[in-house]
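# Residue-level structural notes
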Amino acid sequence: MNPAPATDLPHPASRAGAKLAARFIKPLRQQLRDWRAGEGERWIFVAKAMLAAFSALWIAFRLGLDSPNTAMTTTFILALPSSGMVLEKAFYRLLGTLVGCTSALLIVAIFPQQPVALFLALALWIGLCTAGAAMHRNQQSYSFVLAGYTACMIAVPAIDHPATVFTLAVTRVTEVGLGVICAAVVHDVLFPRHQSRQVMRTVQARYDSFITFCQQTLEHSLSPAQIELHHLRFAADIAALESGRAAAFFEASHARAHTRQLHAFNNAFMSALTTCYTLHRLLRRLRAHPPSPVLALIEPLHATVAAALRDDLSGARMEHVRAALAQQAAQAQAQAALLQPERAQRIAFDTALELLDRFVRDIGAFAALYHGLTQQRQLQVSDPVAYSPRTPSGIVLASGVRAAGALLAGATLWYWLAWPYAANAIIMTSIFCALASSSPRPVAMTRQVLAGFLLVWPLSFLTEYLLVVRASGYPMLVLAALPVFALGSYLTTDARRAGVGVGMSMFTAQVIAPLNQMQYDGAAFLNNTLSMPVGVALAWAIFAVLLPEHTMGQKDHIAAALWREALATCKGSLFRRKHRFDHRVRDLLSQLNAAAGPKPGAPARAVVRQGLTLLELGHSVIEMRQLIAANEAGAVRNALELCVDQLAAYFRAPDRTSSAAVQYAVLQAGPPIREALADATPARQARLRMALTDLHSIYTSLLDQMPHIPGDTHHAA
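Residues numbered from 1 in each chain as written. Predicted model: local features only at pLDDT ≥ 70, side-chain atom pairs only at ≥ 80, totals over all residues. Heavy atoms only, no water.

Operational definition: UniProt positions are given in the numbering used here, feature names are shortened, and annotations may be inferred rather than shown by experiment.
If you check an unreviewed UniProt entry, the protein chain appears there as FUSC family protein from Rugamonas brunnea. The annotation that UniProt attaches to the protein chain under Subcellular location (unreviewed entry) is "Cell membrane".

Pasting the structure below:
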């Protein structure tokens, strides 16, 4: 009989290795992963920024360019967290540079050796470009800014020597193009962070937060103030998703069909958000009055929808919810017929059913688009409307006037001081007046940049005259300048100190990066480095003194712009009017959110409340105008046209008299619409019921939010 084989026992060394791995190696790997996801990301960003900067500087040296530091500065300006953002800004930087250089050539050609006329033309150009930047968002805005101050950077040095302007323009385009190529290659090839992935994470977070918000709204677990703050943050989320989509568009992995679906997702989100608010306001109004049997009939339907929102909202699930809701609505209508509530309560009941059905349809469309994006399914969507931002006209005008005034003020000081280096100060003033005009807090932004200039000034002097001057080759030059450049790039990764980091990076790139023919002149160094913070300080003073209330997101300008947008729904073409109106109102609220900070106060919430009410009224106006366009002349059309006209008058002058006129017109429109329901086709009946819902929403909105007649107890329609 063969003996049983001996079992293989683990070697003592292998047991010791397993214990060592469990005790030290696995925790070390986890710590490395945590570091890579946090602090490691910041240092990888710094390493890529340094590689792009010094690669551009080396190539500029090899090509013999006049100002290699321009290529280096470009890489710092383009150093952004994701490859999509880098590529987007690179494209618009090159475009803005080309436009700016072309305009400089034209201005110098028209006004050669005429300083006064040339500065007036430059002021007009930079004012127009800054105003255009205020009207756009993201890197499109930056392209306008760049076109303005690039013209200043080319034309000002050529005042006394206009024949050199073409050489300056060509050199500028070449150096900026070199920096663009180096930054794009480094950030898109080495450890790339794709913007498309960040967009999908944003989509998932948006979906989860909105579904939770709707569930809490239907369950009455949020106060009115909390709901207003949620709407304010959702407006910022809409703008942020559009910004991310615009950057992801430049990545090769991002298809155009994906862009269309993201546009449709944003549009569906805005529609569902508005319907949710209208439904919430109606329910809050019903609860504010004495208890009625109508509220008891509506509550179970809301509970059904709230329960459905806890599950995955697939297409089959939404069909089941709609079927169950239709059955419950039929039962509720039968009970309401038995109870015979008073006319006002019956109208509120019918409106609540219509709004709930509309809300479920909107949520279904929103969920379908979300699942199509996350599951990478190609959905057939109608041609979606691109995001349409809106900036109050007063802020646009003030931005242009401020930038033009800054240039003229700098030119006046240059003439008065007769300081040769004042040209650098003028350029810095123009740059930061244009850049900060698109910021909700331009004074704080310029203050941070100025702090970065002042902090790095002594470090730059020490680096230049103790280290760089002793460097015997390019590798030693890199080692000498690397610490101060890395410090600036590292600070840009901290949101609270990003402005300081930007200031440090721009300052060091201009004063430390050597030229092909270096001349070490201490007096020139001090004059040059003094002119830069002087220019930024002048920009800061201009923002603090000249039209300080006319900044992005200022609540009074936002409130006035919301009224103008509501008025625009009463006139003009209806083609895509609803989407454009949604985009512009949400964009205005996004600007308000950026200016209000993390804790908006009561005045900001009041503007949000007003904006949501005007959004609801605007939707009702658009839907009534669509019904007017589909109707022939008659009582229904005449009644709706009168409502739209009275609402237009109210939007122009919102007072007690115009509010009362709208309420009266709404009350008079109800009977003819109800009479037309009797012999209407099913499709026309649906539109007429929607009109009754809109009339009720308009009437109750005026009673709840706007000036109204005390003691009035009528109800719409």
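## Examining the overall build of the protein chain
Heads up, the condition is: Note on conventions: DSSP H or I runs of at least 4 residues are helices, E runs of at least 2 residues are strands, and numbering of each starts at the N terminus. Relative accessible area decides the class of each residue, using a 1.4 Å probe on protein chains only: under 20% of the type maximum gives buried, over 50% gives exposed, and in between gives partly exposed. Accessible areas in this description were obtained via Shrake-Rupley with a 1.4 Å probe; residue shielding takes into account the shown protein chains only. The charge count includes Lys and Arg as positive and Asp and Glu as negative, but it does not include His or the ends of the chains. Here the site of a charge means NZ on Lys, CZ on Arg, CG on Asp, or CD on Glu.
Regarding its fold elements, the protein chain presents 25 helices and zero strands. Structurally, the protein chain occupies a C-alpha span of about 115 × 95 × 40 Å along its principal axes. Taking all 717 residues of the protein chain together, the buried fraction comes to 52%. Here the protein chain has roughly 32100 Å² of accessible surface; of this, 62% comes from carbon and sulfur atoms. When the 61 basic and 44 acidic side-chain charges of the protein chain are each reduced to a single mean position, those positions are 5 Å apart.

## Thoughts on helix α19 (residues 522–545)
Test applied: In a helix, the anticipated span is given by 1.5 Å times the number of residues less one. Residue contacts follow a heavy-atom distance rule, with two residues in contact if any of their heavy atoms lie within 4.5 Å.
The end-to-end C-alpha distance of α19, which contains 24 residues, comes to 35 Å, matching closely the 34 Å that a straight helix rising 1.5 Å per residue would cover. Taken together, the buried positions of α19 are Phe-525, Thr-529, Ser-531, Met-532, Pro-533, Gly-535, Val-536, Ala-539, Ile-542 and Phe-543. Those residues of α19 hidden inside the fold are in contact with α14 (393–417), α15 (422–436), α16 (442–467) and α18 (498–511). Note on α19: the residue one or two positions beyond its end, Leu-547, has a positive phi of about 50°.

## Topic: the environment of Leu-232
With respect to the helices and strands, the residue Leu-232 is situated in helix α9 (residues 224–248). Considering only alpha carbons, one finds Leu-232 and Arg-605, 373 residues apart in sequence, at a separation of 8.4 Å. In contact with Leu-232, not counting residues within four places along its chain, are Leu-589, Leu-592, Asn-593, Pro-600 and Val-608.

## Here we look at the confidence of the model for the protein chain
Let me state the cut-off plainly: The predictor attaches a confidence to each residue, and that confidence, scored 0 to 100, is pLDDT.
Averaged over every residue, the pLDDT of the protein chain is 87; the share at 70 or more is 91%. Confidence drops under a pLDDT of 50 for residues 1–7, and excluding neighbours within four residues, the segment shows zero contacts in the predicted structure.

## Points about the packing of aromatic side chains
This is how the line gets drawn: For this analysis, a ring pair means two rings from Phe, Tyr or Trp (six-membered ring only for Trp) whose centres lie within 6.5 Å, classed as stacked if their planes differ by under 30 degrees, edge-to-face if by over 60, and tilted for the remaining angles. Counting as a charge over the ring demands two things of the Lys NZ or Arg CZ atom: a distance within 6 Å of the ring centre and an angle within 35 degrees of the ring normal.
If you walk through the whole model with that rule in mind, you get 28 aromatic pairs. Seen from their ring centres, Trp-563 and Tyr-650 are 5.7 Å apart, and the 65° between their planes marks the pair as edge-to-face. Within this pair, whereas Trp-563 is found in helix α20 (residues 555–568), its partner Tyr-650 is found in helix α23 (residues 635–652), the two being separated by 87 residues in sequence. Judged on exposure class, the residue Trp-563 and its partner Tyr-650 are both buried. Ring pairs connect the aromatic residues Tyr-207, Phe-210, Phe-213, Phe-234, Phe-265, Phe-269, Phe-366 and Tyr-370, which therefore count as one cluster. Sitting over the ring of Tyr-490, Arg-42 keeps its end group 4.3 Å from the ring centre. Here Arg-206 stacks its cationic end above the ring of Phe-269, 4.4 Å away from the centre of that ring.

## Some words on the packing of α14 against α15
Between two packed helices, what matters for the description is the angle formed by their axes and the separation of those axes. To keep it simple, the criterion reads: Only the contacting stretch of a helix is used when fitting its axis, a line to C-alpha atoms as for every element, and angles between N-to-C directions run 0 to 180 degrees. Orientation is classified from the angle alone, with under 35 degrees giving roughly parallel, over 145 giving roughly antiparallel, 65 to 115 giving roughly perpendicular, and any other angle giving oblique. Gly is put with the polar residues, along with every residue not named as nonpolar or charged; the nonpolar set is Ala, Val, Leu, Ile, Met, Phe, Trp, Tyr, Cys and Pro, and the charged set is Asp, Glu, Lys and Arg.
Where α14 meets α15, the axes come as close as 9 Å, and the angle between the chain directions of the two elements is 170°. When the interaxial angle is binned, α14 and α15 end up roughly antiparallel. When α14 is examined against α15, the residues Ala-403, Ala-406, Leu-407, Gly-410, Ala-411 and Trp-414 are found in contact with a partner set consisting of Ala-422, Ala-423, Ile-426, Thr-429, Ser-430 and Cys-433. Along the lines of polarity and charge, the residues of the contact of α14 with α15 split into nine nonpolar, three polar and no charged.

## A look at unusual backbone geometry
You will see that Gln-113, though not glycine, has its phi angle at about 55°, which is positive. In this structure, Gln-113 sits in the loop between α4 (83–110) and α5 (115–135). By relative accessible area, which is 57% here, Gln-113 ends up exposed.

## As for the layout of surface pockets
Short version of the rule: Here a cavity is any set of points on a 1 Å grid over the protein atoms alone where a 1.4 Å probe fits but cannot get out, and a pocket is any open set with protein on both sides within 12 Å along at least 5 of 7 lines; a residue lines the site when it has an atom within 4 Å of a point. Grid points are joined across faces, edges and corners, and a volume is the space filled by probe spheres set on the points. Here the limits of each domain have been adopted from an automatic or database domain assignment.
Its volume calculated, the second largest pocket comes out at about 570 Å³. The residue inventory of the lining of the second largest pocket, partitioned by class, reads eleven nonpolar, three polar and eight charged. Taken domain by domain, the makeup of the lining of the second largest pocket includes at least three residues from each of domain 2 (195–250 + 252–375) and domain 3 (583–705).

## Some words on the state of the cysteines
The following threshold applies: Cysteine sulfur atoms are paired as a disulfide whenever they fall within 2.5 Å.
The tally for this structure, following the rule as stated, stands at zero disulfides. With no disulfide of its own, Cys-152 lies 11 Å from the sulfur of Cys-433, the closest cysteine sulfur.

## Focus: the domain arrangement of the protein chain
Going by this rule: Throughout, buried area stands for the accessible area (probe radius 1.4 Å) lost by two parts on being put together, summed over both. Any carboxyl oxygen of Asp or Glu within 4 Å of a side-chain nitrogen of Lys or Arg constitutes a salt bridge here. In protein, a polar contact means a hydrogen-donor-capable atom and an acceptor-capable atom, both N or O and within 3.5 Å, with residues adjacent in sequence counting only if both atoms are side-chain atoms; elsewhere, any N or O pair within 3.5 Å suffices.
Partitioning the protein chain into domains gives domain 1 (39–194 + 391–545), domain 2 (195–250 + 252–375) and domain 3 (583–705). One C-alpha centre belongs to domain 1, the other to domain 3, and the line joining them spans 48 Å. Of the roughly 380 Å² buried between domain 1 and domain 3 on both sides combined, carbon and sulfur atoms contribute 44%. The largest contributions to the domain 1 side of the interface with domain 3 come from Arg-137, Pro-440 and Arg-441, which together make up 74% of the buried area. Where domain 1 meets domain 3, there are one salt bridge. Between Asp-587 and Arg-137 there is a salt bridge whose closest N-O contact spans 2.8 Å. Viewed at the interface, domain 3 and domain 1 are joined by three residue pairs in polar contact (both at pLDDT 80 or more). Looking at the side of domain 1 that touches domain 3, its residues break down into two nonpolar, one polar and two charged.

## Examining the environment of Leu-94
Among the structural elements, Leu-94 can be located in helix α4. In this structure Leu-94 comes out as partly exposed when scored by relative accessible area, which is 30%. Separated by 85 residues in the primary sequence, Leu-94 and Gly-179 have C-alpha atoms spaced 9.9 Å apart.

## Describing α16
Which entries qualify depends on this criterion: Here the bend at each residue means the angle between axes fitted to two seven-residue stretches, the one ending at that residue and the one beginning there.
The end-to-end C-alpha distance of α16, which contains 26 residues, comes to 36 Å, matching closely the 38 Å that a straight helix rising 1.5 Å per residue would cover. At Trp-457, α16 shows its maximal bend, which comes to roughly 35°, and the proline Pro-458 appears one to four places after that position. Three or more residues of α16 are buried, namely Pro-442, Thr-446, Val-449, Leu-450, Gly-452, Phe-453, Val-456, Ser-460, Thr-463 and Glu-464. Residues of α16 that are buried in the fold lie against α15, α17 (474–492), α18 and α19.

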